[in-house]
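# Summary of structural features
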Amino acid sequence: MAQLLVQPSAPPQSVVSPSSPPRSVSVKPRIGLKEFVEPGVILHDMTDEELLWRASMVPKIQKRPFRRPPKVAFLFLTKGHLPLAPLWEKFFEGNEGFYSIYVHASPLNGSAPKGSVFHGRRVPSKAVQWGRMNMMEAERRLLANALLDVSNQRFVLLSEACIPLFNFPTIYSYLINSTKIYVQAYDLPGSTGRGRYMKKMKPLLKLEQWRKGSQWFEMDRSLAIEVISDDKYFPLFQRHCTSSCFADEHYLATHVSVRFPGRTANRSLTWVDWTKGGPHPARFLRTDVTVESLERMRNGSSCSYNGRSTRICFLFARKFLPNSLVRLMRFAPKLMDFKQRYKGRRRG
């Protein structure tokens, strides 16, 4: 498993074996089973190296202790606070025990208020820059923290500008019962696709293997383990994918396409509007939020789910600005029936 952050003085080929602790790290004492079943406060003093090593070990437990229900881990990669938190509060309400929340935010950003589902859910975070490799490092940091809870079985990446398009039971059932993971990967000629490939990546990664895709993934536990344990492609991207390479659009798409091409549905579950062109999707203001626009995001497409055709192709949508919250709170809870609760078994 590669070091998450490569220091200038560290040799580029330095890797950490998933089967043994880092030599320079003092391994913490044995911890009880409860820490991996119901983790409490998620703040810790582990380095990235320690965190990734420990997370790669936890999944070797084959069965969930005490027959706990599988959980979906909601991973929020944010620039700052969560302006749409009240909508998410309504979404999660009454479904405790079936989800986990992890937030990676600016180290200078404050914590969510007590009583919020986001309170105490911020993982140890570092600065992130758009398009840089440290964004992928943050995503791995989120995955590793979520893997420490053995009940987390599905992992979805979101931002502070994302909203849910359906109620919790619908999204939970869709993810937990899916036979595929959702990582988009496609070959794109031109400057924004193949043009970002770095020739120095040869021979480990060839141009014809280079892929592009949405940053906003959804994956299962086995793929999450592979991502945080990747000691081949991740260090390669760390060394060569800088500035104009835009690692967040290429690393995961390329990794999955090369190693696990048959596992992905090859689409993202997050709806975005690219019709206005430019490097970023369209942003939704207060006046853009209508029942009609939300319905179009929810049911305006067709795709395949577990081998059958469906109109539910997107579970989330972005980019919604903070001033859209009032209208979202007016339309979304009723339209999406947030009053429904997941009625699965909580304990064995």
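Structure: see above.
Our subject in this report is the structure included herewith.

What counts as what
- Residues numbered from 1 in each chain as written.
- Predicted model: local features only at pLDDT ≥ 70, side-chain atom pairs only at ≥ 80, totals over all residues.
- Heavy atoms only, no water.
- Helix = DSSP H or I, 4+ residues; strand = E, 2+ residues; numbered from the N terminus.
- Contact = heavy atoms within 4.5 Å.
- Areas by Shrake-Rupley, 256 points an atom, 1.4 Å probe, with all protein chains shown as cover.
- Salt bridge = Lys/Arg side-chain N within 4 Å of Asp/Glu carboxyl O.
- Buried < 20%, exposed > 50% of the residue type's maximum accessible area, 1.4 Å probe, protein only.
- Core = buried A, V, L, I, M, F, W, Y, C linked by side-chain atoms within 4.5 Å.
- Pairing = 2+ DSSP bridges.
- Right-handed = clockwise from strand over helix to strand, strands pointing away.
- Arc of directions from axis to C-beta.
- Phe/Tyr/Trp six-rings, centres within 6.5 Å; stacked < 30°, edge-to-face > 60°.
- Lys NZ or Arg CZ within 6 Å of the ring centre and 35° of its normal.
- Axes fitted to C-alpha atoms, helices over the stretch in contact; angles between N-to-C directions.
- Disulfide = S-S within 2.5 Å.

### Re the overall build of the protein chain
Scanning the protein chain from terminus to terminus reveals 10 helices and 9 strands. Long-range pairs, those at least 24 residues apart, make up 81% of the contacts in the protein chain with a sequence separation of at least 6. Counting only carbon and sulfur atoms, one obtains 54% of the accessible surface of the protein chain, whose full area is about 16,500 Å².

### With respect to the pattern of salt bridges
Going through the model one piece at a time under the given rule, you end up with 8 salt bridges. Put simply, arginine 196 and glutamate 249 hold a salt bridge, and the shortest N to O gap is 2.6 Å. Of this pair, arginine 196 sits in the loop between helix 5 (168-176) and strand 5 (218-220) while glutamate 249 sits in helix 8 (residues 247-259), and the two are 53 residues apart along the sequence. Both residues of the pair, arginine 196 and glutamate 249, belong to the buried class. A salt bridge links arginine 263 to aspartate 220; the shortest N-O distance between them is 2.3 Å. One end of the pair, arginine 263, is in the loop between helix 8 and strand 6 (270-271); the other, aspartate 220, is in strand 5, with 43 residues separating them in the sequence. Overall, the relative accessible area of 28% leaves arginine 263 in the partly exposed class. Among the residues examined, aspartate 220 registers a relative accessible area of 14% and is labelled buried.

### Digging into the nonpolar core
Grouped together as the largest cluster of nonpolar side chains are 48 residues, with contacts concentrated most on Phe74 and Trp88. Sequence-distant contacts of phenylalanine 74, that is, excluding residues within four places in its chain, are made with Trp88, Phe91, Phe92, Tyr99, Ser100, Ile101, Tyr102, Val156, Leu158, Phe168 and Phe316. Ala73, Ala146, Ala224 and Leu252 belong to the second-largest nonpolar core, a separate cluster that totals 46 residues.

### Some details on the pairing of strand 1 (residues 71-77)
Of all 7 residues making up strand 1, 7 are buried, and the element is well covered by its neighbours. Both faces of strand 1 are covered, namely the face carrying Lys71, Ala73, Leu75 and Leu77 and the face carrying Val72, Phe74 and Phe76. Bridge count between strand 1 and strand 3 (residues 152-158): 6 bridges; the pairing is parallel. Paired with phenylalanine 76 across the two strands is leucine 158, which belongs to strand 3. Summarising the sheet, strand 1 and strand 2 (residues 99-104) pair through 6 bridges and their orientation is parallel. Of the residues in strand 2, the one forming a bridge with alanine 73 is serine 100. Where the polypeptide runs from strand 1 across helix 3 (residues 85-92) and back to strand 2, its parallel neighbour, the crossover connection is right-handed.

### As for helix 3
Listed as buried for helix 3 are Ala85, Leu87, Trp88, Phe91 and Phe92. The arc that holds the buried residues of helix 3, viewed along the axis, is 155°, so those residues lie on one side. Two residues or fewer after helix 3 comes glycine 94, characterised by a positive phi angle close to 85°.

### A short note on the sheet that holds strand 4 (residues 163-164)
With mixed pairing, 3 strands are arranged side by side in an open sheet as 4-9-6. Two strands close off the open sheet at either side, each with one partner strand: strand 4 and strand 6. Taken together, the 2 bridges between strand 6 and strand 9 (residues 316-317) define a ladder with parallel strand orientation. Note that in strand 9 the partner of threonine 270 across the bridge is phenylalanine 316.

### Here's the deal with the packing of aromatic side chains
Counted by the stated rule, this structure contains 27 aromatic pairs. Taking the centre distance of 6.0 Å and the plane angle of 75° together, the rings of phenylalanine 74 and phenylalanine 91 count as edge-to-face. Of the two residues, phenylalanine 74 sits in strand 1 while phenylalanine 91 sits in helix 3, which places them 17 residues apart along the sequence. The pair formed by phenylalanine 74 and phenylalanine 91 is uniform in burial state, with each residue classed as buried. The ring of tyrosine 102 carries the charged tip of arginine 121 above its face, separated from the ring centre by 5.2 Å. Directly above the aromatic system of phenylalanine 234 lies the positively charged group of arginine 140, at a separation of 3.6 Å from the ring centroid.

### Concerning the sheet that holds strand 5
The strand order 2-1-3-5 describes an open sheet built from 4 strands, whose pairing is mixed. Every other strand in the sheet has two partners, leaving strand 2 and strand 5 as the edge strands with one partner each. Strand after strand, the sheet turns through a mean of 20° between neighbouring axes, direction not considered. Sheet contacts for helix 5: strand 1, strand 2, strand 3 and strand 5; angle to strand 1, the most-contacted strand, approximately 105°.

### Remarks on helix 10 (residues 325-335)
All buried positions along helix 10 are accounted for by Leu325, Arg327, Leu328, Phe331, Ala332 and Pro333. At the C-terminal side of helix 10, aspartate 337 shows a positive phi close to 55°.

### Examining the pairing of strand 2
The buried fraction of strand 2 is high, at 6 of 6 residues. On strand 2, burial covers both faces: Tyr99, Ile101 and Val103 on one face and Ser100, Tyr102 and His104 on the other are all buried.

### Here we look at the state of the cysteines
Considering all chains together, one arrives at 2 disulfides under this definition. A sulfur-sulfur separation of 1.9 Å characterises the disulfide bridge that pairs cysteine 241 with cysteine 245. One disulfide, between cysteine 241 and cysteine 245, carries an S-S torsion of -95° and so falls in the left-handed class. The class of cysteine 245 is buried, set by a relative accessible area of 0%. Here cysteine 303 engages in a disulfide with cysteine 313; their sulfurs sit 2.2 Å apart. Its S-S torsion of about -110° marks the bond between cysteine 303 and cysteine 313 as left-handed, since a negative value means left-handed. Here the residue cysteine 303 occupies a position in strand 7 (residues 303-305), and cysteine 313 occupies one in the loop between strand 8 (308-310) and strand 9, the gap between them amounting to 10 residues.

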